[in-house]
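Observations on the model geometry
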Amino acid sequence: MNNSSTKNGSRNAGRTIDIVNKGLKRRYRKEKRFRLYGILSIAASAAFLAFLLTSIVMNGYSAFLQTCIRLDVPIEAGMIDESNPKRSDFQGIIKSAIREYYPDVTERREKRELYSLFSSGAAYQLRNNVLDNPPEAGATLSLWVLADDDVDMLMKGHMKRDVPESERRLNDRQLRWIEKLENDDRIEKRFNTTFFTSGDSREPELAGIWGAVRGSFYTMLVTLALSFPIGIAAAVYLEEFAPKNLATDFIEVNINNLAAVPSIVFGLLGLAVFLNFFGMPRSTPLVGGIVLMLMTLPTIIIASRAALKAVPPSIREAALGVGSSKLQVVSSHVLPLALPGMLTGTIIGMAQALGETAPLLMIGMVAFIVDIPGGFTDPAAVMPVQIYLWADSPERAFVEKTSAAIMVLLGFLIAMNALAVVMRKKFERRW
Amino acid sequence: MQITAEKKESTTSVATESSKREIFLPPDRERVREGGTPHVSAKNFSIFYGNFEAVKKVNADILSKYVTAIIGPSGCGKSTFLRGINRMNDLIPSCYTTGTLMCDGEDIYGRYTDEVQLRKKIGMVFQKPNPFPKSIFDNIAYGPRLHGVKDKKTLEELVEKSLRKAALWDEVKDRLERNALGLSGGQQQRLCVARTLAVDPDILLLDEPTSALDPKATAKIEDLIEELRGSYTILIVTHNMQQASRVSDYTMFYYEGDLIEYAPTKQLFTNPKDQVTEDYITGRFS
Ligand SMILES: Nc1ncnc2c1ncn2[C@@H]1O[C@H](COP(=O)(O)OP(=O)(O)OP(=O)(O)O)[C@@H](O)[C@H]1O
Ligand SMILES: [Mg+2]
């Protein structure tokens, strides 16, 4: 009897085990499937990202090179204005140097076509060179001057040579002149320093991102300086000190709403309040920064409040329990613990602001600005606006500039995120 | 019975009127002096979480310099009552109190009471260990620093003394600079005890201080209570009947928010007045 009961029991157990086993298989299959979905979705997003990045890089990398032409510039007596070298006719000197290289071009129209192979920036290059180390009369300067963007496009293969003349921007005669340069090894692609050192320009070969980078930098500085302290203070007050009542509920709802307001509305607000009412200067990092501050503030406040909420209440209890005041609890326990989260929120907000265009259009930061801004109240462009402007330009050469500018912007975003990670690590180690 | 738990229905309050109090029979324990002055006294004191009354109209005096144990089944309001004494429940938005709770003749929930001062006076060790995510040294030194101890030497001495009292010194003396979160659960709990001792409070609230400890560490904590007896007012929540009877002079028994019985420990454990108390301590339910 005893025997049979154990048998019975074991048989029962066996059956349950079978059921469990059967179930197990299904469970494992389910888990495997789930994991597969996860891997697939990650692979899909990675593929999109890779596609995006390669297309940008493929389009943009050539912008980091610029076609230059080596021009021998003979300096004759009287060419340089001795009393005031700045006032010399550098354009004329360049032209005469070009004519010297192509002695058989004499007709006016042909000459104009010939000059147009060289960038108008060539005269400035010569000017800078002469001003830096004044040449003696009779010397010959050998300069790498910028080629015109059409020549640049031709050299980079964006313009075909073997299509009918009417379908390209350079005619056969110009092609022959370029071939002469090629045969003499006087034309080559060199690293494009102009792109990294100048502001915007109507001439693609003279246009650079530096003005926009500076503009973005000043704008972000204003945004950060305003939104970080205000955002953190607001979050700490709302989370730690404010009484929980209708008024604070109302504020909370409004903050959440503000986070969802289309950014162009902030631009309109900036236009109405800061430009029209307070009369602040148009197109400047100061106003741009304030407008972007309005836009990032909700993000920072929400992220900071979440970070504060995530600090376990037991830490507060512990600190209160040994007799800390509320402020001491917040400043020496809660804030240090919440800071990494707050920083992450801030950097996300800043990254958003860095890429924002719409509100800035409203306050005139979309203007064509050649000068590199030197401060918060100089008219400036910012990187995304610069990208927008270039993407809108008809010249073929601006296509690669657009992609290159996107690469620079992405570079800044990556740098900012890396900074966030580093800062987070640093603050985490302190505890 | 002089010290009684008044169930909320009873209106004739005996316990809280110290003028009427006679000298009660000392528990069978030579260190318990006769009589006593109330240190904390509750009068119709209730604690609510929203609509839920977690502690119901408690009337009781907690006597100065005695050890009082609080026992009762899980969820009966022991922690809530304990946290009510140093206003830790203020952190919970839905929580409010009615009735009065006096400490040293001052209304704990009075409008002008400074809760920072109060909490310095009434130290607490929480049910779950909650060390600061700082070094062991800073954990202990934080309170004294807060209250003005600047001198490094004094701080070091204080840290060592507190850690020794909490039976943790030998285990951590070589790694005071390490993060306290690296300690085991039991060590963390003893660290919390040491942290509370370092501020030198008048009243010690211990919420199951030994529930995460092994027998050896438990014995050390009990030794500590033994040592502090007579100089501090101690309230200890415990699920361990033996512990309650070992360390306490008085015992409170809570059941579903009611203070059912409050008597000298010996009396409560040997001759409980209430049927529920008897059922509980004899383990007929839990
Ligand atoms: N923050 C809170 N909000 C709402 N209800 C709570 C809260 N904290 C505790 N309670 C409730 O109050 C009652 C008493 O809880 P308390 O923590 O005081 O029990 P306890 O006696 O300490 O139990 P244990 O022995 O398990 O620690 C429980 O029913 C609990 O669910
Ligand atoms: Mg409890």
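Residues numbered from 1 in each chain as written. Chains lettered and ligands numbered in written order. Predicted model: local features only at pLDDT ≥ 70, side-chain atom pairs only at ≥ 80, totals over all residues. Heavy atoms only, no water.

Turning our attention to the overall build of chain B. Within chain B, the regular secondary structure consists of ten helices and ten strands. In chain B, buried positions account for 55% of the 286 residues. Residue pairs in contact within chain B that sit at least 24 positions apart in sequence constitute 66% of those at least 6 positions apart. For chain B, the accessible area works out to roughly 12,500 Å², and carbon and sulfur atoms hold 48% of it. (Helix = DSSP H or I, 4+ residues; strand = E, 2+ residues; numbered from the N terminus. Buried < 20%, exposed > 50% of the residue type's maximum accessible area, 1.4 Å probe, protein only. Contact = heavy atoms within 4.5 Å. Areas by Shrake-Rupley, 256 points an atom, 1.4 Å probe, with all protein chains shown as cover.)

This part is about the interface of chain B and chain A. In this complex, chain B contributes 22 residues to the contact, which on the side of chain A involves 17 residues. A buried area of about 1,600 Å², summed over both sides, lies between chain B and chain A, and 66% of it is on carbon and sulfur atoms. A:Glu317 is the partner of B:Arg83 in a salt bridge, and the nearest nitrogen-oxygen pair spans 2.8 Å. Of all the elements in the fold, those that place two or more residues in the side of chain B that touches chain A are helix 2 (115-121), strand 6 (122-125) and helix 3 (136-146) of chain B. Its residues placed into classes, the side of chain B that touches chain A shows twelve nonpolar, five polar and five charged. (Buried area = accessible area lost by both parts, 1.4 Å probe. Salt bridge = Lys/Arg side-chain N within 4 Å of Asp/Glu carboxyl O. Nonpolar A, V, L, I, M, F, W, Y, C, P; charged D, E, K, R; others polar.)

On to the packing of helix 8 (residues 210-241) of chain A against helix 11 (residues 285-309) of chain A, then. Residues and elements named next belong to chain A. One can describe the packing of helix 8 onto helix 11 by two numbers: an axis separation of 6 Å at closest approach and a directional angle of 35°. The interaxial crossing formed by helix 8 with helix 11 has right-handed handedness. A breakdown of the residues in the contact of helix 8 with helix 11 according to their chemical character gives 20 nonpolar, nine polar and four charged. (Axes fitted to C-alpha atoms, helices over the stretch in contact; angles between N-to-C directions. Left-handed = near helix turned anticlockwise from the far one by under 90°.)

This brings us to the side chain of A:Gln174. Residue and element names in this part refer to chain A. For Gln174, the position within the fold is in helix 6 (residues 172-183). With a relative accessible area of 5%, Gln174 lands in the buried category. Within polar-contact distance, the side chain of Gln174 engages the side chain of Ser116 at 3.3 Å. What Gln174 contacts, discounting residues up to four positions off in sequence, is Glu113, Ser116, Leu117 and Arg169. (Polar contact = N/O pair within 3.5 Å; in protein donor to acceptor, adjacent residues only side chain to side chain.)

Before going further, it helps to examine the confidence of the model for chain A. Confidence in the prediction of chain A, expressed as mean pLDDT, is 87, and 96% of residues score 70 or more. The low-confidence segment residues 1-9 of chain A, where pLDDT is below 50, has zero contacts with residues more than four positions distant or belonging to other chains. (pLDDT = per-residue confidence, 0-100.)

Paired through their backbone hydrogen bonds, the strands of a sheet run either parallel or antiparallel. All names here are of chain A. Taken in spatial order, the three strands line up as 2-1-3 in an open sheet, and their pairing is antiparallel. A single partner strand is all that each edge strand has here, and the edge strands are strand 2 (140-146) and strand 3 (187-191). Each strand axis lies, on average, 40° off the axis of its neighbour in the sheet, ignoring direction. Inspection of the sheet shows strand 1 (residues 65-74) paired to strand 2 by seven bridges, in the antiparallel sense. Along strand 2, the bridge assignment pairs Asp72 with Ser142. Against the sheet, helix 4 (residues 121-132) engages strand 1 and strand 2, with an angle of about 135° to strand 2. (Pairing = 2+ DSSP bridges.)

Once that is clear, we can look at the site of ligand 1. All names here are of chain B. As a structural note, the neighbourhood of ligand 1 is formed by 14 residues, with Ser74, Lys78, Ser79, Thr80 and His239 the closest of them. Side-chain polar atom of Lys78 to an oxygen atom of ligand 1: 2.7 Å apart, as the coordinates give it. Calculation on ligand 1 without its partners gives an accessible area of 630 Å², and the protein chains cover 65% of this total. For the shell around ligand 1, the elements supplying multiple residues, two or more each, are strand 2 (52-63) and helix 1 (78-85). (Near = heavy atom within 4 Å.)

Among the nonpolar cores identified, the biggest contains 97 residues, and A:Ile209, B:Phe81, B:Ile85, B:Met252 and B:Tyr254 are the most heavily contacted of them. Discounting residues that sit within four places of it in the chain, B:Met252 has contacts with B:Ala60, B:Ile62, B:Thr68, B:Ala69, B:Ile70, B:Ile71, B:Phe81, B:Leu259, B:Glu261 and B:Tyr262. With 44 residues, the next largest nonpolar core counts B:Val67, B:Leu163, B:Cys192 and B:Ile225 among its residues. (Core = buried A, V, L, I, M, F, W, Y, C linked by side-chain atoms within 4.5 Å.)

Moving on: the coordination of the magnesium ion (ligand 2). All names here are of chain B. Protein coordination at the magnesium ion (ligand 2) comes from Ser79 (OG) and Gln127 (OE1), with a distance range of 1.9 to 2.3 Å. Within this pair, whereas Ser79 is found in helix 1, its partner Gln127 is found in the loop between strand 6 and helix 3, the two being separated by 48 residues in sequence. With a relative accessible area of 35%, Gln127 lands in the partly exposed category. (Donors = N, O, S within 2.8 Å, 3.2 Å for Na, K, Ca; no water.)

With that settled, consider the packing of aromatic side chains. Evaluation of the coordinates by the stated rule reveals 20 aromatic pairs over all chains. Taken together, a centroid distance of 5.8 Å and an interplanar angle of 10° make the contact between A:Phe191 and A:Phe196 stacked. Chaining the aromatic ring pairs together yields one cluster made of A:Phe64, A:Phe191, A:Phe195, A:Phe196, A:Trp390 and A:Phe398. A:Arg202 extends its terminal NZ or CZ atom over the ring of A:Phe368, reaching a point 3.8 Å from the ring centre. In this arrangement the basic side chain of B:Arg195 is found over the ring face of B:Phe132, its NZ or CZ atom lying 4.6 Å from the centre. (Phe/Tyr/Trp six-rings, centres within 6.5 Å; stacked < 30°, edge-to-face > 60°. Lys NZ or Arg CZ within 6 Å of the ring centre and 35° of its normal.)

Once that is clear, we can look at the pattern of salt bridges. All names here are of chain A. Counted by the stated rule, this structure contains 30 salt bridges over all chains. Where Arg168 meets Asp172, a salt bridge forms, and the shortest distance between an N and an O atom there is 3.0 Å. For Asp172, a relative accessible area of 32% puts it in the partly exposed group. The network of salt bridges with common partners includes Arg109, Glu110, Glu113 and Arg173.

Glancing now at the sheet that holds strand 5 (residues 106-107) of chain B. Residue and element names in this part refer to chain B. The strand order 2-1-4-5 describes an open sheet built from four strands, whose pairing is antiparallel. If you trace the sheet from one side to the other, it starts and ends with strand 2 and strand 5, each paired once. Where strand 4 (residues 95-103) meets strand 5, two bridges bridge the pair, whose relative direction is antiparallel. Following the sheet pairing, Cys103 is matched in strand 5 by Glu106.

What follows concerns a positive patch on the surface. Residues and elements named next belong to chain A. On the surface, a cluster of positive charge is made up of Lys25, Arg26, Arg27, Arg29, Lys30 and Arg33. As for its position among the elements, Arg26 is in helix 1 (residues 2-60). The exposed category is assigned to Arg26, whose relative accessible area is 55%. (Patch = residues over 30% accessible without salt bridge, like charges linked within 9 Å, V, L, I, M, F, W, Y side chains within 5 Å. Lys, Arg positive; Asp, Glu negative; His and termini not counted. Charge placed at Lys NZ, Arg CZ, Asp CG, Glu CD.)

Residues and elements named next belong to chain B. In this model helix 6 (residues 185-198) runs 20 Å from its N-terminal to its C-terminal C-alpha over 14 residues, within 8% of the 20 Å that 1.5 Å per residue would give. Counting buried residues in helix 6 gives 13 out of 14 residues, a clear majority hidden from the surface. Count one or two residues on from helix 6 and you reach Asp200, which has phi positive near 55°. (Expected span 1.5 Å × (residues − 1).)

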